[in-house]
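# Structural features, examined
Okay, here's what each chain looks like letter by letter:
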Amino acid sequence: MSDNPFEVTKAVDFTDAQIAATWVDLPGGGFVTLADPKSPMPTFLVGGKGGGRTHLLRYFSYALQRLRHSEDLLAGVQADGYLGIYFRCEGLNSSRFAGKRQEAETWEAVFSYYTDIWLARLTVDLIADLRMTVPSQFDRDDLTGFAAAVLDLFDVDVTMSQDAGDPAHDLSATFERLQRDLDLAINNAALTHELDVRIGASPGRLVFGVPAAAARHLPALSGIVFAYLLDEFENLTIDQQRYVNTLLREKELPTTFLVGSRLFGLRTHATLSAGEENRQGSEFALVVLEDAYRAQSHQYGSFCSSIVLRRLHESGCEVGVRMRLDDFFEGPANDEQSLEERAALRVAEKTSQDPGTRPWLERLRQQLQASDHGYELSDVMSAVTFPKSPLHEKFAVFLLYRAWADGEELSGAAASVRVAVNGLLSGEEKSGKVATSYKHYRHDLYAQILNDLRLPQEYFGFREFVQMSGYLPRNLLVLLKQVTRWSLFLGEQPFRGDKVSLRAQREGVREASAWFLSDAKGLGRVGEETQFAIRRLASLFREMRFSDKPVEVSCSSFSTDRQGLSPAALNCLNEATSHSLILEVPNGRRDKNTHLLNHKYQLNPMLAPLFDLSSALRGSAVFTTADLNAIFDPAVSETQYEAVKRRILDRMKAPFFAKVPPQDAFKFE
Amino acid sequence: MTAETTHDDLVRRIKTLSERLWEGHCKAPDIDAWLSNFDGRHSTDLATEQLHALHLLASVSYFGLRELRVLLRAMFRDCFRYPIIQHLRADLGGVCDTAEIQARFASELAATRFIGMGNPAESGTHLLYYFRQENRLPRTLFVHQHELLTSAATDSTVDFADANLKRVVFIDDLCGSGEQSVRYSRTLLRDLRNVASRRSRKLEFQYLVLFGTTSGLARAKSESDFDLVDAVSELDETYHTYGVNSRVFRKPPDGIGKDVSEVIARAYGSELWPAWPLGYDDGALLLAFHHNVPDNTLPILWYEEGQLLWTAAFPRRPKIY
């Protein structure tokens, strides 16, 4: 076993036993409340990479049922009420079904037949395995009847193999032969330019007919739902998806479907049934895993804890059920518990050579001198200086910038700021406007202090990692993988005695963040352009956060009505969303002026460490159409973008010369 | 970019190398222990020395066992098998009769003996084990030096132990200065050639290495008595850390300079190995193998011998075999 319990982060890389060992159900009813393999309603399970679809579908599969019910398989299956027939669409090698001098219609027919044969074969194999495992529960005559009924589904005579002397296994061998013959014909079409295939059954007949025959002839399987678990649906072309959609539409009991796909992978809901489209709620249900996790965010946290504890347990670490995962990670020392204490210590460490020098004061001094406020310099500087509490001092400077931007007289404003901050320090001001403002901004101001002192931003603790994962559990595992790798590199023994150091956490999240940005990149030119737009957006958020007067707290989201966005910008925004670089917050955000419900988008918090942003979802900017086009439209030149960015940021930087254009305001909520 | 940023970036790079290529060598505590050798006495300050040292460490080319096995396959295929087959085909008038060529190659192979360069405690001999495994060669093709002859080379009745012997191939990991090949020409190779001459035998002697510096190979070719000198990979002048075209300083990070680095490496190297502060014959390589570190590599990286308190980043183990 590797020293790193989080080395494997993809379910496809796990064996069945590992899937079972690392399985954790969703608190509060479990995953079946989201996707029930017994439900007669076909369900699409969609989401970003790493949401847990493959893990879930494989958990529902017969291979895992076999492991779970090793003592009495049939009783277990009957109690489950379903048989899970797992199938990765990638295995079809769907690109084979095109070209080679054949008509598109020909390939459509061959693909349908091939899919039917494969699904039927998987079902028959599964029944043969059950028969072998619990032979006493399957009467030979029943199996003979079942085999005959299955062969009857074909429109042509199919000779049954007689090698095994057992109807179930002979049927299994028959389907293997049929599939092999098809593979041979399809693969050689490239060489011969002929497709020597005879379609032996009507579309869908085998897919629904084999489970129906099993239910009819095999008493042990009576009342059992046959759930086709189709994973990686995004690997099918639009025509191929249309056929699967047709199967969903024309589904017959005791068959049902659970289909896993990436967000962008649902290319169509069209069917071959007279051009009808499947409709959500009518022909299928749609579950977006991230949205489901987000809707129960408190349960997502405990779900994540369970996943991690299970991993640690499986890797031999001593963990109790009630173990607090935060205890495995180093946090601030006892004398650094509060942000104020940490700020004071960081400043003391970094300015030990010259205790009077603090970059934010020096910057303010230069800004005042460079503007018309030089005559007020002395009064203003002494009013905002609080050497004993750098965080309060930073807040005082921030309040002064606010007054400056509002055009107030600075000496007077500085005096008011001093009174207000003194009130905070003395404890007299606890719940007023100033106290609320301080409470909201203190984390960003602390981040500014670190930035001014050229110190890395701080990301630590299990809760922060969960927050950073953006409701994709794999992101959490990747974070922990990188953090653990760093911990091991630093010579620590993570989860086996040593706490994971702050340095390992900081470096690990940074590495995971960089990985995410490259991993989530789409293919081709649009993937490049989207990545570029994300860098623009994230860098803009960063500059806003470290500006003199950030107008929003920890801004990493924005809302828009999407009206007026150029097609290219919309395409780029959609691409970013479908690849989870940007998360669309369900239910959006209501515009304060028009009261219309806007779309709300959050930069994936996995990217926060790479751009020194907060991983929390707090402030939200309302960008104008022009701003969003400048960020997302790849046709907008760097010069044009820089002009837009400067306009946005000038309003946040002293001496606050920029004016808000009345019709094209950069509004903040 | 500040010195701290450069330092952090270099450590990140070394971590990646350690995990992916260096078989786990040089974890952070090892790096810290090695960096503590540099105390600032040979430059303006400690931070400068340590930053330059870190850059050298991050530039080391390490070949793990997996890579060495692949290289040994390449050595047999490219430096031995293909040239012989080319020759055989030419002899047969350019035919493509694979069965005939294969049979003749088998015969040539059977008339070959592979020997490790240096004594049994050195890396050349150590590599033979993997060379044999990777190329699926019979054990009979590998002999000790003393097994080549029936008796002492000076004995009047001496002959080669194998009556059909056609060639002897000496194998080593690195030809740095070419010195060893020249030394062999004056000792063992001279004796073997004398015996061959006395017995009117036509024998071919080859010297094959995984890596060879351009200058080392040139010297081996011109000054040694081998019929063939060849390397899987030639290390040109850019591999000399302080050469004019050094790849290590082609685009160094901010705050890192070749001249400063050389002053530091030479000063500390002089304390460790006064004769060759930049490695044997001024090799100034940054090369390390799974089984050992060549002495042509900068001593500040591998030195961990004698009375001096010096912690190596890649300890050289001269007598472990």
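Residues numbered from 1 in each chain as written. Chains lettered and ligands numbered in written order. Predicted model: local features only at pLDDT ≥ 70, side-chain atom pairs only at ≥ 80, totals over all residues.

### Quick notes on the overall build of chain B
Under the convention used in this document: The helix count covers DSSP runs of H or I at least four residues long, the strand count covers runs of E at least two residues long, and both are numbered beginning at the N terminus. With C-beta atoms placed from the backbone, a residue is buried if 20 or more other C-beta atoms are within 10 Å of its own, exposed if 12 or fewer are, and partly exposed between those counts. Any two residues are considered in contact once their C-beta atoms, placed from the backbone, lie within 7 Å.
What chain B contains, in helices and strands, is eleven helices and six strands. In terms of overall dimensions, chain B has C-alpha extents of about 65 × 45 × 30 Å along its principal axes. In chain B, which comprises 321 residues, the proportion classed as buried is 36%. Contacts spanning at least 24 positions in sequence make up 62% of the contacts within chain B whose residues lie at least 6 apart.

### Details of the sheet that holds strand 3 (residues 225–231) of chain A
Residues and elements named next belong to chain A. Rules: Here, a strand pair is defined by DSSP locating no fewer than two bridges between the strands. To obtain an axis, a line is fitted to C-alpha atoms, over the contacting stretch when the element is a helix, and the angle between two such axes runs from 0 to 180 degrees between their N-to-C directions.
With parallel pairing, five strands are arranged side by side in an open sheet as 2-3-4-1-5. Each end of this open sheet is capped by a strand with a single partner; those strands are strand 2 (82–88) and strand 5 (285–288). Here the strands of the sheet are splayed against their neighbours by 20 degrees on average, with no regard to which way each runs. Where strand 2 and strand 3 come together, seven bridges link them in parallel fashion. In the strand pairing of strand 3, L83 is matched with F226.

### Observations concerning the interface of chain A and chain B
What counts, and what does not: Three categories are distinguished: nonpolar for Ala, Val, Leu, Ile, Met, Phe, Trp, Tyr, Cys and Pro, charged for Asp, Glu, Lys and Arg, and polar for the others, with Gly belonging to the last.
With five residues of chain A at the interface, the matching set in chain B holds seven residues. The residue makeup of the side of chain A that touches chain B, split by class, is two nonpolar, one polar and two charged.

### Remarks on the environment of G209(A)
All names here are of chain A. Secondary-structure assignment places G209 in helix 8 (residues 205–217). Taking the C-beta count within 10 Å as the criterion, G209 has 22 such neighbours and is therefore assigned buried. In sequence terms G209 and R510 are 301 residues apart; their C-alpha atoms lie 53 Å from each other.

### Topic: the pairing of strand 3 of chain A
All names here are of chain A. Note the threshold: Crossovers are described as right-handed under a simple rule: with the strands pointing away from the observer, the path leading from the first strand over the helix to the second runs clockwise.
Counting buried positions over the seven residues of strand 3 gives seven, a clear majority of the element. Alignment of strand 3 against strand 4 (residues 255–262), held across five bridges, turns out to be parallel. For A227, the partnering residue across the bridge sits in strand 4 and is T256. Once the chain exits strand 3 it traverses helix 9 (residues 238–249) before rejoining the sheet at strand 4, and the crossover so formed is right-handed.

### What to know about helix 7 (residues 167–192) of chain A
All names here are of chain A. Stated formally: The span you would expect from a helix comes to 1.5 Å times its residue count less one.
Taking 1.5 Å of rise per residue, the 26 residues of helix 7 would be expected to cover 38 Å, and the 36 Å separating its terminal C-alpha atoms lies within 8% of that figure. If you check which residues of helix 7 are buried, you get P167, A168, H169, L171, S172, T174, F175, L178, I186 and A189. Where helix 7 is buried, its residues meet helix 5 (104–133) and helix 6 (140–152). Immediately beyond the C-terminal end of helix 7, within one or two residues, lies H193, with a positive phi of roughly 60 degrees.

### Some words on unusual backbone geometry
The residue after L253(A), namely P254(A), is reached through a cis peptide bond having omega 5 degrees. By secondary structure assignment, the location of P254(A) is in the loop between helix 9 and strand 4. Backbone geometry places H193(A), a non-glycine residue, at a positive phi of 60 degrees. Mapping H193(A) onto the fold places it in the loop between helix 7 and helix 8. Among the residues examined, H193(A) registers 10 C-beta atoms within 10 Å and is labelled exposed. The phi dihedral of E23(B) falls on the positive side, at around 55 degrees, and the residue is not glycine.

### Description of the sheet that holds strand 5 (residues 228–235) of chain B
All names here are of chain B. Strand order across the open sheet formed by four strands is 2-3-4-5, with parallel pairing between neighbours. Each edge of the open sheet is held by one strand with a lone partner, namely strand 2 (112–116) and strand 5. Averaged over all adjacent pairs, the angle separating strand axes in this sheet is 20 degrees, with direction ignored. Bridge count for strand 2 against strand 3 (residues 167–175) is five bridges, and the pairing is parallel. Paired with G116 across the strands is I171, a residue of strand 3. Packing against the sheet, helix 4 (residues 65–91) makes contact with strand 3, strand 4 (204–213) and strand 5, and its axis sits at approximately 135 degrees to strand 5.

### Focus on the packing of helix 6 of chain A against helix 8 of chain A
All names here are of chain A. Cut-off, in case you're wondering: Each angle receives one of four descriptions, namely roughly parallel if under 35 degrees, roughly antiparallel if over 145, roughly perpendicular if within 65 to 115, and oblique otherwise. Helix crossings get a hand from a simple test, with the near helix turned counterclockwise from the far one by less than a right angle marking a left-handed crossing and a clockwise turn marking a right-handed one.
Between helix 6 and helix 8, the least distance of the axes is 9 Å, while the angle of their chain directions is 155 degrees. The orientation of helix 6 relative to helix 8 falls into the category roughly antiparallel. You can see that helix 6 and helix 8 cross each other, and the crossing is right-handed. Along its contact with helix 6, which presents D142, G145, F146, A149 and V150, the element helix 8 presents V210, A213, A214, R216 and H217. Of the residues belonging to the contact of helix 6 with helix 8, the class tally is six nonpolar, two polar and two charged.

### Some thoughts on the environment of R562(A)
Residue and element names in this part refer to chain A. By the secondary structure assignment, R562 is in the loop between strand 6 (557–560) and helix 22 (567–578). Separated by 89 residues in the primary sequence, R562 and P473 place their C-alpha atoms 29 Å from one another. Here R562 is in contact with L570 and H599, once residues within four sequence places are set aside.

### As for the domain arrangement of chain B
Residues and elements named next belong to chain B. Note the following rule: As annotated, the domain borders come from an automatic or database domain assignment.
According to the domain assignment, chain B consists of domain 1 (3–59 + 241–302) and domain 2 (65–235). Residue-level contacts link nine residues of domain 1 with nine residues of domain 2. Here the residues of the side of domain 1 that touches domain 2 sort into three nonpolar, five polar and one charged.

### A few points about the environment of A284(B)
As for its placement among the helices and strands, A284(B) is situated in the loop between helix 10 (258–272) and strand 6 (287–289). If we skip the residues at most four places from it in the chain, A284(B) touches H240(B), T241(B), Y242(B), L278(B), G279(B) and L298(B).

### Here's the deal with the pairing of strand 6 of chain A
All names here are of chain A. The side-chain alternation of strand 6 yields two buried faces, one formed by S557 and S559 and the other by F558 and T560. Here four bridges tie strand 6 to strand 8 (residues 597–603), and the two strands are oriented antiparallel to one another. Bridged to F558 within strand 8 is Y601.

### Some thoughts on the nonpolar core
Just so we agree on the cut-off: Nonpolar cores are identified as sets of buried Ala, Val, Leu, Ile, Met, Phe, Trp, Tyr and Cys residues joined via C-beta atoms within 7 Å.
Counting 221 residues, the largest nonpolar core has I85(A), A227(A), L229(A) and L57(B) as its most contacted members. A per-element tally of this core places helix 5 of chain A first, with 13 residues. Sequence-distant contacts of L57(B), that is, excluding residues within four places in its chain, are made with I14(B), C26(B), I31(B) and A313(B). If you look at the next biggest cluster of nonpolar residues, it comprises 32 residues, including V384(A), F395(A), Y401(A) and L445(A).

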